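Take a look at the letters that make up each chain.
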Amino acid sequence: MHKHGHVPHHGNSTPAHRGYHLKHKARSETEVQSEKTWLDAERVWLVHKGGFASASQLKGEGLGLPEGRVKIRLDHGGEVLEVDEDDVEKANPPQLDRAEDLCLLRYLNESSALHTLRQRYGGNLIHSYAGPSLVIINPMQPLQIYSEKVIQMFKGCKQEDMPPHIFASAQIAYREMLNTRQDQSIVLMGRSGSGKSYNAHHILHYLATSAGAVNNILTVDKLNAMTMLLEAFGNSRTILNTSASRFSQMTTLDFDHNGQIVSASVQVLLFEKTRVVRRPEGEPTFHVFYQLLAGVDAKLRAELQLNNLSDPNMFMTPLQKAEDKQRAMTYWAKIYSAMESLSMTEDEISSICSVLAAIYHLGVAGASKGNNNKGQFTRPAGAQRAASLLGISVEELARNIFSPSGSATLSRTASVRNSPADKNAEAHTTAMEALEGFVIGLYSDVFNAIVSLINRSLSSNYRSMASITVVDTPGFQNPATCGRQTGASFEDLCNNYTQEKLQLLFHDLVFTTPQDRYSQENIDCDFEFVTSSPAAMVSLIEKPSQQTLNTSTSPVRTSNPEVREAEKKGLLWILDEEAIFPGATEDSFMDRFFSYHGEQKVKRDSLLRKASSLGNTFILNHFQGTNPVQYNASGWLKVCRENPITKVATQVLQDSKKSNIKDLFNNVKAPVGGLVSGSIVGMEGSNTLRRVGSMRRTFMSGTAGLKKRSMCLQVKFQVDTIIETVRKTKCHFIHCLLPQANSGLCELRSAADMTPERPDDILINVPLVRGQFRGSEILESIRIHRQGFPDHMLFGEFVQKFEGLVPPHVQPTKDMPEKTAVLQIIENLDIDKLNYRIGLSKVFFRAGALNRLESSRDDRVTGRITAFQAYCRGYIARKRLEKRRVQHVAISCIQKNVRKFYQIRDWDWWKLYVKVKPLLNVHRTEEELHEKELELETMKTKLEKIERERSDYKLQMDRLENRVAELTADLAEENTTATQASEMLESESAERMRLEKDLKDLQGRYNALKRNHDKLEMEMSQMRLWQAETQDGEMEEEEVDGGIYKERYERIRKELTFTSKKMQQDHAEELDQEHTAKKAIEKRLHEALEDADDVRRQLTSAKKKSQKLVSEMQDSKLHLEEQMSRNNDLERKQRKFDTELSKATEEVRAEKLLKEKLQRERDTLASDKYSLEKQIERLKSDLESAEGKNDRLQKEISESMTSTGVKDDHDVAALKRAKADLEAKVIDQEEELDDQAGQIQQLEQTKVRLEMNLEKARQQSLKEAEEKDQEMEDLRFSTQKKLKQMESQIEEEYEERKMLLQKNRDLEQRLGEVQGQAVNRDKDAEKRLRRDLRRTKALLKDAEVVLQKQKTGEGSKNQVRQLRNQLEDLEFSSAAAIKAKKTMELELADLQQQLDDVFKSKQETENKSMALLREKTELQSQLEENEEDMADILKKYKAVVQQQSLDQITLNDRLQQIEELVTERDKLKSEVNDLKSRVQTFEENSVDKTAVQRLENKIRDLETKLELETTNKHRLEVQLGRTKEQCERVTEEKEQLNTAKAQAEENIKRVQRQLRDLRDEFSDVQKREMEMAHKYKENENKVAELESDFEQNQSDLKLAFKRISDLQAALEEGIDTDFSDSEIDDNSDSDVESHLSNNKRSPLISRQRSYDSETRSRLTSSSSFLTDTLSSPRLTNHFDHSEI
């Protein structure tokens, strides 16, 4: 594991928004100048074997160069070189050297991408986006960028707002899971030592920290503990990595609807358990053994009997160095605390330690053969210690290991895979192999127990919504890169095969699936898809034969080539058959393997080739030929054969005499299939039933179920399980790269060792990274992602999601077709036509376009929700204010009643009432309380019963769901088994019918041959008889005429010998001639083939150049599309600015009109102020005269009082009545004045509010005008710069077009020359062949004449046969020459066709360039017109702004004057109030009748003046009414805004409907709450009845009080009723005394009573906010008390 990471803060990096089409800001002059100099320099990369070098292309000197050659000048050293065009790649601008996303590169090529990665890596920026994937380079040193602060930075972010980081990938998967409710997966790929496991741990850490967990089911401590245990028990040091994972791990996090983790699980596959006993030379075993031996404490060491570690051990060697021991002790302490963190008990920990120690002691014990040829322990003392730790005797242990035939374990593992090799496996198993198998079984069970205990700690019963799976597999293994030349092992092949399958999955999802999707939706793609694929290598490894199921039980090795071709199978299947075939060896395996896959012509880039070294070695070119690996097949058959002793270990552990070991391994669930070879450990920890069912079906059904005992084929089935599990989710890929070959060993190297020898190797090894880059197909995926349309969405989903972005009047209707609705929405959105395509059922977007739509939708939704929240807050605040008002009235009422209570609390009757009242309802209250208690108890019992039933139902439901899942899985297994059996039966029947047919054919051929044989025998017998007869006749004739015939015979014999010699001589001459002619033809054919090879090489180079030109053209096309999209954005912004400018002018005009209205109102207010001032002056003069008169009256009153004395009681009563009347009038006038003052205050508030709105609108308009000015300046500047860039680009394209035309002419010229040469050569050859044919025909005629003369001679027949053979050879050679000529003509025709295609494409590019030039001129003209219009608009706008500022200044002055008038009016009001108070004091102090009359007259005068004031006020009210009308006009504008609010409310209602759907899930709980509420209402009704009884008692009490008051009145009839004025005033203040004063009330008292009644009516009709504190009956009680 290597600690590395990525700095989230980036310096000179591009914006964090991903996608190719991005909105860039306007660039400065320096940036534009630097880009211009870069374009003029024509920077390129020179690609060479060791990497690439920067250079500049020389144009002026390249005219005299040959075709396909260019001149460059290297930046380092300035050397000028002449190189091929294929070795030169275009470079990108310097500002893209540290681009966060490789999609942002202008020229996308391999050197530019590697340069960007190297530059970022040099700045510790190890993460980079590569289109849909993330690329991470191992930094080989720890980086502090994984803290909690960094996690909080990425938490909740969107994809376009995050820089490249491992946390960003986790956040993307998490956010997409929440949005789509779909399972996600993150797959890490790369070589061993590239940091996959470390990055997987960081992904899990981020998800656990940012998402949180329910009830802390998964914490960071638990996650670290899980990682620590899996590393200790499953990791080991290799030649490539200090802590290499020896298993594949799938960690799944299940989330609920809130996005919290509800459970987690770990599934382990492809565990390399044989490493505990066998491993490559120089590599140790698993980490946990060394940490146990060094770190266990003294007590546990004594229990485990590990005091003496000096004995030799065949499985491991304890650590010797002190620092290694110290490190191991530290790790053991962490392992022990990790076990405790995962809730493992002491017994479980002790059991695991005991089994590990037993494995160590078994390694000390060893194994060998005894005297009776049976296995035994070499050191019995070690076996004794191991047996005691396992809880078994030594004899039982030896019997289970060396003679397990009596064990019951083997009888339980019946399977269909029974072969002779399996039956005799135990007999041929050696003692050492038996011990190794037992140890493998022990350690496998321990590892299964660890994984099961981890899953137990992370599991829960909560329901999950979706999940995220993190897939971490062992990296790609190539030991030759680190110096090991012995070859890779079978385990390395398994790991490499896993990486190949993951790469094939990446290829299918990134290339094949989009291509199929485009073809299905009829999307036109003007780019080429990737044609190469990792499928060939995967097929070579795993391809099953056509008759796999037929030969699964009885494999047969065939030698017929046709049958072998039909049954062609992969490496794993061949290895499986060889492993179970008796007498098979590695040599036979290699022969079969190469007979199937090695018969074609071997090239360096072939998938399979024979290694040059000795032994059973071969080379596989992995990752499409970028990474060849040499494998050594020695010992593979032994690895692939199942060791029968492995299964005994589980039974030994389950039957142990130690209870802790027995309980642990009996409770741990066995892996799938019950076999160590094919186990998926941890499946029981998965919370998602569908995932478990799919994994079980993949692993146990079909051929996998039939081959579940095959050791090597289980590798294929487990990898298929991983692929199928991941394929059902949305995949996110992370590519981990190695910067150096030994990066995985950086922890072992010192600082001196880490210093590189060459300066080029300081950062990264470019050839190594290039090989990984090519093998992972990163560059092709980036190109497809950038040029294609990776984001897509269904029509219905698009309409539902984005119809809110368009105005309401253009929104699609419900009955509109989906495609039409989509077109209508897109036309009204700001989307460039180049950024989307519309298919048959989906909308496709380029990278980044959909994210911009999502962001605009989020902004719109956020604005509406904010407005809704503001409305809700306002509503709540108003309700709260209303509640406070009601509470204020209630509190005042309570205070009043409390004061009344303090007045009557010492009254005897009240005391009696207080004592008697509680006694009336005591019994009734007790009964009600008892009933309520009984009811509460019954409700409690019912609730407990319901809870129990609910828990029971929940458990039953869980059991039934598990049962249903198991049954469905079993049903699927049975169905697949049945289908496989039916397929087997059909294939067997077809094979039987084919064999029967072949048998019939062979039988017929045999019969025909037999008949021919009999016929030939008959003819031979007849010939023999005839020859015998002829010989007898000749003998008789020779005896008669011997001399004559003998002479003839001699003469004929001499002639025959002479003619034969002559013919032989002629034949020899003809053969020499034919031989020379053949040599000439072969020479010409060889030359023609060489010419064809040259043409083919030229064609391939032309294809490469065309591909390079096409890629560069695509890059320039994308850049041009980006420029066009930017221009479209500028046009849209300009149109938007025009509309906003027109709106601003309209607003300015409206503000001007409003100013005029305010000016008119100001004038009317000034006139009103002047009239009020005059009235106040008159009132002041009248007040002065009234004061003088008052002084005189007081003097007169004093004189009259001294002279006349006290008047009679009649006059006093009259004065009092007059006083009361005057007081009533004064109170009425005060009320009227208060009402008028309130109205005036409201009008002032509306005025202030209007002024504030006006000021705010003015400031907003000024701000918007400034923003528009700045935006227009930026737009004008950026448009000019972009036009310059487009001009330069068009010039470049024009130059490129010229070059292409020149190249095309040269190619056509060369093609014509080659074609002419080929035609001339073919004509000469044809003439020569025709001459030879005529000569042979003449010779043939001569031979026929000679044969006719000599028909009886046998020698002439032989000569004829030889001549015929020669003739056939010559005809064959001529036919071959003619065929070669035709093939060359076809190839030349193909070349001509391809050149025609190239010429057509060039013409198309020329047409496009001309169209672009026309568009450029049109854009320039439009831009000039827009600039002129913009200048006029700016002039007008500036004039309007100046006029608005002048109007604002005048408006502020007038508003200040209005404020001064208002202050003066307030002063006048205060003076009027002072005058009124003085008048009232005068009225109260006046006693004389005449003075009172005079005062009344004065009061009448004042009343008349007040009437005049009221008229003036009415006039002011009329004026205020006018202002109200103006306010109403403003409110109309408000109503327009309210319509917009209504639309927002409609959206809110839609959200509310969704909320209602969510509330339906809680219907059961709500029903229970309704029942409780109903019962609560019944209780309230009962309480109301009780309160009504209480009111009835209060009414009775009132009646009693009334009677008491009547009695008191009767007793006090004789008392004198004359009271002074002061006594009357005091008695009028007491409510209780008023009841005792013979019901005599003054007008003021009656008015107070009316006020109290009004207050009671207001309180009874108030809001329901007082229901919690003050109920209506209690409130009436308080009022009743006040009346008392």
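Scroll up to find the structure.
Bear in mind the structure is a predicted one, so any value in this text is a computation, not a measurement. (Residues numbered from 1 in each chain as written. Predicted model: local features only at pLDDT ≥ 70, side-chain atom pairs only at ≥ 80, totals over all residues. Heavy atoms only, no water.)

Q: Please explain the packing of helix α10 (residues 346-365) against helix α11 (residues 380-390) as it appears in this structure.
A: The geometry of a pair of packed helices is captured by two quantities: the angle between their axes and the separation between those axes. Interhelical geometry of α10 versus α11 gives an angle of 160° and a closest axis separation of 8 Å. One element, α10, and the other, α11, form an angle in the roughly antiparallel class. In the crossing of α10 with α11, the sense of the turn from one axis to the other is left-handed. Between α10 and α11, the residues in contact are Ser354, Val355, Ala357, Ala358, His361, Leu362, Val364 and Ala365 and Gly382, Ala383, Arg385, Ala386, Leu389 and Leu390, respectively. In terms of residue class, the contact of α10 with α11 is made up of 10 nonpolar, three polar and one charged. (Axes fitted to C-alpha atoms, helices over the stretch in contact; angles between N-to-C directions. Helix = DSSP H or I, 4+ residues; strand = E, 2+ residues; numbered from the N terminus. Parallel < 35°, antiparallel > 145°, perpendicular 65-115°, else oblique. Left-handed = near helix turned anticlockwise from the far one by under 90°. Contact = heavy atoms within 4.5 Å. Nonpolar A, V, L, I, M, F, W, Y, C, P; charged D, E, K, R; others polar.)

Q: I tried to follow the sheet that holds strand β17 (residues 617-621) on my own but got confused; where do I start?
A: The strands making up a sheet associate through backbone hydrogen bonding, with each pair oriented either parallel or antiparallel. Reading across the sheet, the three strands line up as β16-β17-β18 and stay open at both edges, with antiparallel pairing between neighbours. Two strands bound the open sheet, and with one partner strand each, they are β16 (608-610) and β18 (627-632). Pairwise comparison of adjacent strand axes, ignoring direction, gives a mean angle of 25° for this sheet. Bridge count between β16 and β17: three bridges; the pairing is antiparallel. From the neighbouring strand, Lys610 faces β17, where its bridge partner is Phe618. (Pairing = 2+ DSSP bridges.)

Q: I tried to follow helix α28 (residues 713-727) on my own but got confused; where do I start?
A: Helical geometry: 3.6 residues make up each α-helical turn, so side chains three or four residues apart lie on a common side. End to end, α28 covers 21 Å across 15 residues, agreeing with the expected 21 Å (1.5 Å per residue, within 8%). Counting buried positions along α28 yields 13 of 15 residues, so the element is predominantly enclosed. (Expected span 1.5 Å × (residues − 1). Buried < 20%, exposed > 50% of the residue type's maximum accessible area, 1.4 Å probe, protein only.)

Q: Would you explain the pairing of strand β3 (residues 69-74) in this entry?
A: Along a regular strand, successive side chains alternate from one face of the sheet to the other. Every second residue of β3 is oriented toward a common face, the buried set being Val70, Ile72 and Leu74 and the non-buried set Arg69, Lys71 and Arg73. Where strand β2 (residues 51-58) lies against β3, four bridges are found, and the strand directions are antiparallel. Each residue of the ladder has a partner; that of Leu58, found in β3, is Lys71. Relative to strand β4 (residues 80-84), β3 runs antiparallel, the two being bridged by five bridges. When the sheet's bridge partners are listed, Arg69 is paired in β4 with Asp84. Count of turn residues in the β3/β4 antiparallel hairpin: five residues, of which Gly77 carries a positive phi of about 100°.

Q: Sorry, what's going on with unusual backbone geometry here?
A: Both trends apply: most residues other than glycine have a negative phi, and most peptide bonds are in trans. Backbone geometry places Asn124, a non-glycine residue, at a positive phi of 60°. Structurally, the position occupied by Asn124 is in the loop between α2 (110-122) and β6 (127-130).

Q: Even after reading the chapter, I still don't get the side chain of Asn627, so can you show me in this structure?
A: For Asn627, the position within the fold is in strand β18. Judged by its relative accessible area of 5%, Asn627 falls in the buried class. Separated by 2.9 Å, the side chains of Asn627 and Asn478 make a polar contact. Discounting chain neighbours no more than four positions away, the residues touching Asn627 are Arg191, Phe476, Asn478, Leu620, Asn621 and His622. (Polar contact = N/O pair within 3.5 Å; in protein donor to acceptor, adjacent residues only side chain to side chain.)

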